[in-house]
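# Secondary and tertiary structure notes
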Amino acid sequence: MALSAGYAAAQSSVTVYGNIDVGVSKRSDTTLAVGRRDNNRLGFKGVEDLGGDLKALFQLEIRYDPDIGTIEGKTRPLFQGQSRVGLQGAFGTVRFGRGLTALQDSSSAFEPWRGVPSTAGFQTDLTVAGYNSQPLDPAGSSANRWSNAVFYNTPEQGGFQLNVTVASKEANGNPAIVGRGSLANPQYPANATLDSNPYSVSGTYNGGMVGAMLAYERNAAETTLWSVAGSLKPHPDVKLLASYQKQDQSHTMASNADTKAWVTGLNWNVGVGTILAGYGQKSPDGVAKTKQTCVGYEYNLSTRTYLYADASRRASAASVNFYGVGIFHKF
Amino acid sequence: MALSAGYAAAQSSVTVYGNIDVGVSKRSDTTLAVGRRDNNRLGFKGVEDLGGDLKALFQLEIRYDPDIGTIEGKTRPLFQGQSRVGLQGAFGTVRFGRGLTALQDSSSAFEPWRGVPSTAGFQTDLTVAGYNSQPLDPAGSSANRWSNAVFYNTPEQGGFQLNVTVASKEANGNPAIVGRGSLANPQYPANATLDSNPYSVSGTYNGGMVGAMLAYERNAAETTLWSVAGSLKPHPDVKLLASYQKQDQSHTMASNADTKAWVTGLNWNVGVGTILAGYGQKSPDGVAKTKQTCVGYEYNLSTRTYLYADASRRASAASVNFYGVGIFHKF
Amino acid sequence: MALSAGYAAAQSSVTVYGNIDVGVSKRSDTTLAVGRRDNNRLGFKGVEDLGGDLKALFQLEIRYDPDIGTIEGKTRPLFQGQSRVGLQGAFGTVRFGRGLTALQDSSSAFEPWRGVPSTAGFQTDLTVAGYNSQPLDPAGSSANRWSNAVFYNTPEQGGFQLNVTVASKEANGNPAIVGRGSLANPQYPANATLDSNPYSVSGTYNGGMVGAMLAYERNAAETTLWSVAGSLKPHPDVKLLASYQKQDQSHTMASNADTKAWVTGLNWNVGVGTILAGYGQKSPDGVAKTKQTCVGYEYNLSTRTYLYADASRRASAASVNFYGVGIFHKF
C-alpha cells in the first residue's frame, strides 16, 4: 500500500533548467584561474493553473561552482539560488521560503554586467555600496538572500511594480558580530534571534525605453541601504544605466558608518555581439575610495550560448587589474 | 571514444517529482517562524518493464528545508528520502539501499496528519512511542530510515501485504551511546559495528472500508517497538484512525525502559476541504506523560495544491501551544 | 519584471540520466555489507546545435552512494562525476571545468571490469599502478579527476584520437604533504598553489577488432604515470584486454619511488550474459607485490539492467577474498 503510492505514475510538471559558465581569468594579484563569470544554476520549477486567474508556483534552484564541481562556495545551501512556493493571481504574487530580497532582485537590472559576481562586474560591491543583506546568516553565505521570508510582488500595472520582502526573526546560525559590543559581549552573539524583522522594498518602472527603481532595505543587524537607479534606451540597441546608493551601518558602527556608491554604464548591441562598459565609485566614510572601470564583449553563438571577454581595473588602497574570457551556456 | 559514449543520446526514463510546503507558525515557546509542515521532496524515479511480469524500479529522493534552502536538517544525506533499486514481479518487490523501515513506512497511514513532522502531527513522537529506528546513525539523522538495507514486500493479496526490512551490521558513523556502559566504556562506542542485524516487519490489510497494521521492529541498539493500528471508514468522507505502540529499551536502559503510546483521530472531507483531528498520549516509565490534542483544516485548491491551518496543544512537564498556516504544492 | 523573467516558460533542453547499483558483498576482513559495485550517477546534460557543424555541450553529474543515500564518499563535490561546458566542431571538442583526466578517462576501456571501483575490479589500484591524479585536492577526494581544468579532444580520424587535459595552478584545499620536506616544513603546505600545471595526454585507437592506448600524466605533486594498453576481439563475443603502467614518485619520495603494474583479462558474451575475468600484479619498489585474480558474471535482464556476481582474491602482505552479488540499473 505504502509502496504502490510511492511508485504511482505521475505526469511530471517540472521544468529542469539552468546555465553553466566557465572561463579562464587572470587577476594581477593571483595565478591564472579557471572559474565562473556568471552565477551557475541548475533549477526545477513549475506553474500549476488553478483556474480563475489563480496559479501555484514553485522554484528550487541549485547554485554551483563548475570549476570544482561543488555547490556554490562549498558550504552554501543546496538551493542557494532560491527555494520558494506561492500563489499568483489578480492580487499579485506571494511566495514563502528563501530568495533574493526585493532590493537585490530589482537592482541587478541596472548594473551593466547584469549582476554577475565576476571581478569585472559592479554588483557585489559598488551596486550595493558594500552592503550585506544577511549578516546574521552562517559564515560563507552570500550577501543578498533571506531565509525564512515572505515575498510579495504587486501585479505590474502601467509598467509599475511594488515588491516587498519580510523575514522572520528566527536565528539562522550566524557567527558572533562584535558591533558596538565587545568580544566578551558581542552586539550579536552567535546564532542570535533578531531584534526586529528585516524588510526590503523596491518600486520599479519598466516603460520600454525608460526603466527606474527606488529601493530601501533594513537587514538583520539593522543596517539600512537605499538605492535609486534608472535606465534609458536612446536607440533600440543601446541601453544606458545608472544607480546611486547609500548604506548606513550606524546600528553596529560607532563612527564612519556611511558608505555611498554610484555606478554608470551601457549595453550596446553591435551585430551578433554586445559591448558592455561601466564606471563606478564607492566612498566609505574614513576609508579609501574604490574606483572601478570595466569593459567587456559578448559574442552570441545562439540565444542560449555566448563567448565573452572582460577587462577591468579596480583601484582602492591597492589596484587590481582583471582579464577574463569564457563561455556561457543556458539550458 | 570515451567522449562520444558520454554524450550518446539517451531516451530519458526518469520522472522528476516532489513537493514543497512552506508556511508561518507560532509555538508558545519560540518566535514566529517560517517553515514546513510536511516533509519536502525532490525526487527522481523510474520503472523499466523487463517483460514476463518483471520490472526494475529505482527511486532517489532529495529531502530539503525550503525555508532556508538547505538539504533536510543541513547535515542529512542528499537522498534522505530514499535511494533504492530493485525488482518487482510475481514474488513481490525486493529493493536495496536506504529507505523507511517496514514499520515506519506502514504506520504513517494510521496517523491523522499522514505522518508530517510538524508539531501539529503525532508521527515523530506519539505514533512511534518516542522510538528511534537508527540510533547508530550519525548525529542529526532522522529517526525512521535504515541505510545498508534490503527491503521486501509481498504482493498485495486480498488486501493483505507483508513487508520486511533487514539492515547489515555495518558501522555508519554513530556518536558513542553510553547505554548500560560508562562514559569511559560506552555500550556502543563511536562508529560501532552492530552486534545483530536490525529488522522490521509489518503486516497490513487494506479492505477499502477497513485498514489494519501489525508491526514489530528491532533497531541497531536492540531497542524494540511493536505497534497495532486500524482505520475505519463509516462513511466515504470520514476516516477514523487509531494506533497503540510499545517501546522496550531494556537493552540500553537499566530501569524505566518501557514507553507506551496511543493515538486516535479522524480525517473528514467537507466540500473541497478536509478536517483533521486527533488526540494521543505517551506514557514513558517514570517520566511525565505527554498528552497531545490537534485540529487542522486543509483547503484544496486542486488535487496538487492546498492551503492548511493547524492548532495543537502538547502538555507534558511543560505545555506548548502551536498554530500554523501555509501552502502545500505537489509537482 | 524580475519576477516574470524568473518564471518565463522555457523549452527544457536537459536530459536527466544516471544509474544505480546496489548489492551485497563480503570481504574476508569485514562484515557483510550492502553497497555499490559500479559508481552511481545522477546527471543532467544537453547538446545545442549552433549551426555550421558547431555544438555547445554541457554535463553535470552527481555521484552518490545509494547504500547510505549520501553524495559519494559523503564529502566529495556534488558534481563529483563532472561539471563541464564547451564547444564541439571540426576542430574537436574543448571543455572547461572538472572531469576525468585524459589518462583516467581513456584507461578504463582496457580494464576487464570497465573501471568500476569495486574490490573485484582493477581500476582504482592496479590499472593506474596506485597513482593519484589529484594529491593536492581536499582529503577524501577521489583520485582521478581535475578541478579548474581545460579538456581537449581531437576529432576521431581513422580510429585515432588525441586527448589533452591541463589544469590551472590554483590551490584547491589540500592537506599538507610532507614529501621530501619535514613535518615542520612540508614539501606541499596545506592549500598550496602548484609549482607547475598538471597535464594529461592520451592517444587512443579504436579499430573495431583492435583497440590501443598510450598515455602520460603529471599530477599536481609532479608524480608521473605512463601507461600502454591494448584490446583485441578475436571473435565478436570475446574481448581480450591488457595494460602496463609505471608510476614515478621521485619528486616527493627520496627512494623506492617507482611502481609498475600490469593487468590482463577478458569479457566474454555467453547468451544473455557476460563473463568477466582478470589477473594483474602491482610491484612497488621495496614493498610487497599485489597479485589480484577476479572472475565475474553479468546476467542481462535488458539493455539497461543486469544482475552480477563477482569473486576475487587480492594477495599482498595480507590476502583478501571478496564475494559480491547485486543489481545494476541504468536510467
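Basis of the calculations
Residues numbered from 1 in each chain as written. Chains lettered and ligands numbered in written order. Predicted model: local features only at pLDDT ≥ 70, side-chain atom pairs only at ≥ 80, totals over all residues. Heavy atoms only, no water. UniProt positions renumbered as here; feature names shortened; annotations may be inferred. Helix = DSSP H or I, 4+ residues; strand = E, 2+ residues; numbered from the N terminus. Contact = heavy atoms within 4.5 Å. Salt bridge = Lys/Arg side-chain N within 4 Å of Asp/Glu carboxyl O. Buried < 20%, exposed > 50% of the residue type's maximum accessible area, 1.4 Å probe, protein only. Buried area = accessible area lost by both parts, 1.4 Å probe. Polar contact = N/O pair within 3.5 Å; in protein donor to acceptor, adjacent residues only side chain to side chain. Nonpolar A, V, L, I, M, F, W, Y, C, P; charged D, E, K, R; others polar. pLDDT = per-residue confidence, 0-100. Pairing = 2+ DSSP bridges.

By the naming in an unreviewed UniProt entry, chain A is Porin, taken from Duganella vulcania. As recorded by UniProt, the Subunit (unreviewed entry) comment attached to chain A reads in full: "Homotrimer." Quoted verbatim from the Subcellular location (unreviewed entry) field of UniProt, the annotation for chain A is "Cell outer membrane".

In this section: the environment of A:Pro117. All names here are of chain A. As for its placement among the helices and strands, Pro117 is situated in the loop between helix 2 (102-107) and strand 8 (145-153). For the pair Pro117 and Asp38, spaced 79 residues apart in sequence, the C-alpha separation works out to 6.1 Å. Excluding residues within four positions of it along the chain, Pro117 makes contact with Arg36, Arg37, Asp38, Asn39 and Thr124.

Quick look at the pattern of salt bridges now. Considering all chains together, one arrives at 42 salt bridges over all chains under this definition. A salt bridge links B:Arg36 to B:Asp65, with the shortest nitrogen-to-oxygen separation between them at 3.6 Å. In this pair, B:Arg36 is assigned in the loop between strand 2 (33-35) and strand 3 (41-51) and B:Asp65 in strand 4 (residues 54-65), connecting sequence segments 29 residues apart. Relative accessible area serves as the criterion here: at 11%, B:Asp65 is assigned to the buried category. Its salt-bridge partner being C:Lys246, residue C:Asp258 comes within 3.8 Å of it at the nearest N-O pair. Taken together, the positions of C:Asp258 in strand 14 (residues 258-270) and C:Lys246 in strand 13 (residues 238-248) put the pair twelve residues apart, joining distant regions of the chain. For C:Asp258, a relative accessible area of 22% puts it in the partly exposed group. When its relative accessible area of 26% is taken as the criterion, C:Lys246 is described as partly exposed.

Taken together, the contact between chain A and chain C spans 44 residues of the former and 37 residues of the latter. Between chain A and chain C lies a buried interface of about 3400 Å² when both sides are counted; carbon and sulfur atoms form 68% of it. On the chain A side of the contact with chain C, A:Val34, A:Ile68 and A:Phe331 bury the most area, a combined 14% of that side's loss. Here chain A is connected to chain C by ten residue pairs in polar contact (both at pLDDT 80 or more). For the side of chain A that touches chain C, the residue count by class is 23 nonpolar, 14 polar and seven charged.

Across chain A, pLDDT averages 94, with 96% of residues at or above 70. Scored below 50 in pLDDT, residues 1-11 of chain A makes 20 contacts in the model with residues more than four places away or belonging to other chains.

What follows covers the pairing of strand 1 (residues 15-27) of chain C. Residues and elements named next belong to chain C. The sheet contact formed by strand 1 and strand 3 (residues 41-51) spans five bridges and is antiparallel. Directly across from Tyr17, in strand 3, lies its bridge partner Gly43. The sheet contact formed by strand 1 and strand 18 (residues 319-330) spans nine bridges and is antiparallel. If you follow Lys26 over to strand 18, its bridge partner there is Tyr323. Bridging between strand 1 and strand 2 (residues 33-35) involves three bridges; their strand directions are antiparallel. Within strand 2, the position partnered with Gly23 by the bridge is Gly35.

A few words now on the interface of chain A and chain B. With 37 residues of chain A at the interface, the matching set in chain B holds 44 residues. Approximately 3400 Å² of surface area, both sides summed, lies buried where chain A meets chain B, with 68% of it carried by carbon and sulfur atoms. For the pair chain A and chain B, the interface holds zero salt bridges. In this structure, the connection of chain A to chain B is made through ten residue pairs in polar contact (both at pLDDT 80 or more). Those elements that place two or more of their residues in the side of chain A that touches chain B are helix 1 (2-6), strand 3 (41-51), strand 4 (54-65), strand 6 (82-89), strand 7 (92-100) and strand 8 of chain A. With five residues, the single largest contributor to the side of chain A that touches chain B is strand 6 of chain A. Class assignment of the residues belonging to the side of chain A that touches chain B gives a composition of 21 nonpolar, eleven polar and five charged.

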